[in-house]
Amino acid sequence: MIPYGKQDINQEDIDAVVQVLRSDFLTQGPVVPRFEEAVAERVGAKHAIAVNSATSALHIACAALDLGPGDWLWTSPITFVASANCGRYCGAKVDFVDIDPDTFNMCPDALEHKLAEAEKAGRLPKILVPVHMCGQSPDMARIAELTHRYDIRVIEDASHSIGAEYQNRPVGDCSYSDVTVFSFHPVKIITTGEGGLALTNDEVVATRMAELRTHGITRNPARMSREPDGPWYYEQRELGWNYRMTEIQAALGLSQFERLEDFVARRRELAGHYDDALTDLPLRIPGRLEGARSSWHL
Ligand SMILES: *Cc1c(COP(=O)(O)O)cnc(C)c1O
């Protein structure tokens with residue numbers, strides 16, 4: 001049987017994990033921040049928040065953007081359940097914008113039409129979650145033009161597309177969104193076992209997501225209600241969750257991330273073989289968006 005997906009673990013990955021197991025910290029140590037910095041730097045985003053899954057990353061992104069009861073979140077109808085569930089966790093209602101049948105991604109024309117209708121009905125969404133289906137970016141420039149017009153916040157569900165490019169820039173730089181999310185589940189491009197990451201260029205959103213992943217707690221005196229009276233003092237500012245990524249996961253992630261280009265190059269090579277082999281058959285090959293380079297998840 002052809003497997004749906006399989007991770008590629010080499011000796012360096014194993015050594016990196018073993019090194020953490022022998023170290024002082026299994027969680028809340030130095031490797032998670034190193035992983036975050038490496039990804040943020042490579043994709044060109046200011047801040048990265050690593051968590052225990054992309055689902056958690058979507059949840060803290062929605063919460064940090066103030067999604068709540070009475071609000072609407074819109075996403076793509078062809079995606080994994082998590083793209084919609086993050087809205088439900090916050091008590092928001094969920095609706096779907098149809099896709100472009102060529103690329104499988106959210107259709108900007110359908111979005112434009114639906115927004116005009118929603119404006120008339122007085123129920124515009126607070127958050128839009130375009131999905132990078134199969135590793136290719138949606139038409140983010142056109143989507144952002146529309147969301148700016150209506151003052152809607154955007155979370156890119158790029159769970160499939162670390163290593164992809166849009167307009168000659170890496171997916172994840174948040175040029176057209178408030179937050180971009182990657183997944184590191186073993187079927188995705190690189191893995192941490194379970195894991196995810198939220199990227200943003202907005203410092204306020206980054207700080208809030210970092211607190212929400214660890215119970216809503218801060219150790220930063222500037223964010224406390226009173227002078228801390230000792231180094232042990234911390235405050236819980238709001239209700240958060242324990243969504244932390246472990247050091248073990250981050251070590252695997254860093255090691256895998258070093259091979260990202262090789263993984264994506266191999267996927268592109270295989271996609272090229274399919275293009276050649278299928279070209280003379282009466283099939284409709286998935287469409288390529290001008291200026292986008294897929295990382296070919298799926
Ligand atoms: C895999 C996936 C998720 C969830 O990722 P996890 O890391 O498993 O929580 C979310 N959205 C999409 C589109 C996915 O494919």
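The structure this text deals with has already been given above.
In this report, we go over the structure that sits alongside the text. (Residues numbered from 1 in each chain as written. Predicted model: local features only at pLDDT ≥ 70, side-chain atom pairs only at ≥ 80, totals over all residues. Heavy atoms only, no water.)

## Concerning the overall build of the protein
Step number 1: The helix and strand tally for the protein stands at 9 helices and 12 strands.
Step number 2: Against the 2.2 N^0.38 benchmark of 19 Å for 298 residues, the protein shows a C-alpha radius of gyration of 20 Å, consistent with a compact globule.
Step number 3: C-alpha extents for the protein along the principal axes are approximately 70 × 55 × 35 Å.
Step number 4: In the protein, buried positions account for 50% of the 298 residues.
Step number 5: A sequence separation of at least 24 residues applies to 70% of the contacts in the protein between residues at least 6 apart.
Step number 6: Across the protein, the mean location of the 30 positive side-chain charges is 4 Å away from that of the 43 negative side-chain charges. (Helix = DSSP H or I, 4+ residues; strand = E, 2+ residues; numbered from the N terminus. Rg over C-alpha atoms; globule rule 2.2 N^0.38 Å. Buried < 20%, exposed > 50% of the residue type's maximum accessible area, 1.4 Å probe, protein only. Contact = heavy atoms within 4.5 Å. Lys, Arg positive; Asp, Glu negative; His and termini not counted. Charge placed at Lys NZ, Arg CZ, Asp CG, Glu CD.)

## A word on the sheet that holds strand β2 (residues 72-75)
Step number 1: With mixed pairing, the 7 strands of this open sheet are ordered in space as β1-β9-β8-β5-β4-β2-β3. With partners counted over all chains shown, the strands left at the sheet margins are β1 (47-51) and β3 (93-96), one partner each. For this sheet, the mean inter-axis angle between neighbouring strands, taken without regard to orientation, is 20°.
Step number 2: The pairing of β2 with strand β4 (residues 127-129) spans 3 bridges and is classified as parallel. Considered in β4, the bridge of Leu 73 is made with Ile 127.
Step number 3: Packed on one face of the sheet, helix α4 (residues 82-89) meets β2, β3, β4 and β5 (153-157) and runs near 175° to β2. (Pairing = 2+ DSSP bridges. Axes fitted to C-alpha atoms, helices over the stretch in contact; angles between N-to-C directions.)

## Details of the sheet that holds strand β12 (residues 292-293)
Sheets are built from strands that pair by backbone hydrogen bonding, the pairs being arranged parallel or antiparallel.
Step number 1: Read across the open sheet, the 3 strands follow the order β7-β6-β12; overall the sheet is antiparallel. Looking at strand neighbours, the two that pair on one side only are β7 (169-170) and β12, the edges of this open sheet.
Step number 2: As paired elements, strand β6 (residues 165-166) and β7 share 2 bridges and run antiparallel to each other. Among the inter-strand pairings, Tyr 166 is bridged to a residue of β7, identified as Arg 169.

## Concerning the nonpolar core
The nonpolar side chains of soluble globular proteins are, as a tendency, buried together.
Step number 1: Phe 35, Leu 111, Phe 182, Leu 197 and Leu 199 are the most contacted members of the largest nonpolar core, which totals 46 residues.
Step number 2: In this structure, Ala 54, Leu 73, Ala 84 and Ile 155 belong to the second largest nonpolar core, which totals 29 residues. (Core = buried A, V, L, I, M, F, W, Y, C linked by side-chain atoms within 4.5 Å.)

## Side note on the side chain of His 297
Step number 1: Of note, His 297 is situated in the segment after β12.
Step number 2: We classify His 297 as buried; its relative accessible area is 2%.

## Some remarks on the packing of helix α5 (residues 108-121) against helix α6 (residues 140-149)
Step number 1: Direction vectors running N to C along α5 and α6 enclose 10°, while the axes themselves pass 9 Å from each other. Here α5 is positioned roughly parallel relative to α6, judged by the angle of their axes. Here Pro 108, Asp 109, Leu 111, Glu 112 and Leu 115 of α5 come into contact with α6, specifically with Arg 142, Ile 143, Leu 146 and Arg 149.
Step number 2: Counted by class, the contact of α5 with α6 contains 5 nonpolar, no polar and 4 charged residues. (Parallel < 35°, antiparallel > 145°, perpendicular 65-115°, else oblique. Nonpolar A, V, L, I, M, F, W, Y, C, P; charged D, E, K, R; others polar.)

## Remarks on the pattern of salt bridges
Step number 1: Inspection of the entire model under this criterion finds 22 salt bridges.
Step number 2: With a shortest N-O distance of 3.4 Å, Glu 261 and Arg 42 are connected by a salt bridge. With a gap of 219 residues between them, Glu 261 in helix α9 (residues 260-278) and Arg 42 in helix α2 (residues 31-43) connect regions that are remote in the sequence.
Step number 3: Here Glu 261 falls in the exposed class, since its relative accessible area comes to 57%.
Step number 4: Between Glu 112 and Arg 149 there is a salt bridge, and its shortest N-O distance comes to 3.8 Å. Taken together, the positions of Glu 112 in helix α5 and Arg 149 in helix α6 put the pair 37 residues apart, joining distant regions of the chain. (Salt bridge = Lys/Arg side-chain N within 4 Å of Asp/Glu carboxyl O.)

## Section: the site of the ligand
Step number 1: Around the ligand sit 15 residues in total, of which Thr 55, Asp 157, His 160, Ser 183 and Lys 188 are the nearest.
Step number 2: Asp 157 places a side-chain nitrogen or oxygen 2.7 Å from a nitrogen atom of the ligand.
Step number 3: Separating an oxygen atom of the ligand from a side-chain N or O atom of Ser 183 is a distance of 2.8 Å.
Step number 4: Notes on the ligand: free accessible area 390 Å², of which the protein chains cover 92%.
Step number 5: Broken down by secondary-structure element, the contributors of at least two residues to the shell around the ligand are α3 (54-64) and α4.
Step number 6: The residue inventory of the shell around the ligand, partitioned by class, reads 4 nonpolar, 9 polar and 2 charged. (Near = heavy atom within 4 Å. Polar contact = N/O pair within 3.5 Å; in protein donor to acceptor, adjacent residues only side chain to side chain. Areas by Shrake-Rupley, 256 points an atom, 1.4 Å probe, with all protein chains shown as cover.)

## Focus on unusual backbone geometry
Apart from glycine, the bulk of residues carry a negative phi angle, and the bulk of peptide bonds sit in the trans form.
Step number 1: One non-glycine residue, Cys 134, lies in the positive phi region at around 65°.
Step number 2: Here Cys 134 lies in the loop between β4 and α6.
Step number 3: The buried category is assigned to Cys 134, whose relative accessible area is 17%.
Step number 4: For Asp 151, which is not a glycine, the phi torsion comes out positive at approximately 60°.
Step number 5: Tracing the sequence through the fold places Asp 151 in the loop between α6 and β5.

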